[in-house]
Amino acid sequence: GEEMRRASLAAGVPTAILSRQCAGSLGRTLIVNLPGKPAAIRTCLDAVFPAVPYCIDLLGGPRLDGDPARVAVFRPAGK
């Protein structure tokens with residue numbers, strides 16, 4: 001949630017500090033709460049997507065790799 005708020009504030013949305021963006025899991029499902037406007041969704045997903053493949057790894061899902069030209073996927077060293 002903090003990274004999504006930071007990205008929204010940097011994009012010039014002064015009310016982002018009041019938002020409730022968060023993420024969590026239910027069983028093996030990753031749940032990401034996103035804002036309602038398409039531009040805000042893009043801003044928030046761009047901010048957190050590098051961590052999503054590793055989150056899916058931790059939940060026991062398939063390994064996802066990003067296109068390095070579009071996003072640098074985060075994984076701890078040795079993962």
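Placed above this text is the structure.
Residues numbered from 1 in each chain as written. Predicted model: local features only at pLDDT ≥ 70, side-chain atom pairs only at ≥ 80, totals over all residues. Heavy atoms only, no water.

### Describing the state of the cysteines
Here is step 1: Evaluation of the coordinates by the stated rule reveals 0 disulfides.
Here is step 2: We note that Cys44 lacks a disulfide partner, and the nearest cysteine sulfur, in Cys22, lies 11 Å from it.
Here is step 3: Among the residues examined, Cys44 registers a relative accessible area of 0% and is labelled buried.
Here is step 4: The cysteine Cys55 is free of any disulfide, with Cys22 supplying the nearest cysteine sulfur at 13 Å. (Disulfide = S-S within 2.5 Å. Buried < 20%, exposed > 50% of the residue type's maximum accessible area, 1.4 Å probe, protein only.)

### A few points about the pairing of strand S1 (residues 23-26)
Here is step 1: Bridge count between S1 and strand S2 (residues 29-32): 4 bridges; the pairing is antiparallel. Bridging from a neighbouring strand, Gly24 pairs with Ile31 of S2.
Here is step 2: Between S1 and S2, which pair antiparallel and follow one another directly, the connecting turn spans 2 residues, one of which, Gly27, has a positive phi of 65 degrees. (Pairing = 2+ DSSP bridges. Helix = DSSP H or I, 4+ residues; strand = E, 2+ residues; numbered from the N terminus.)

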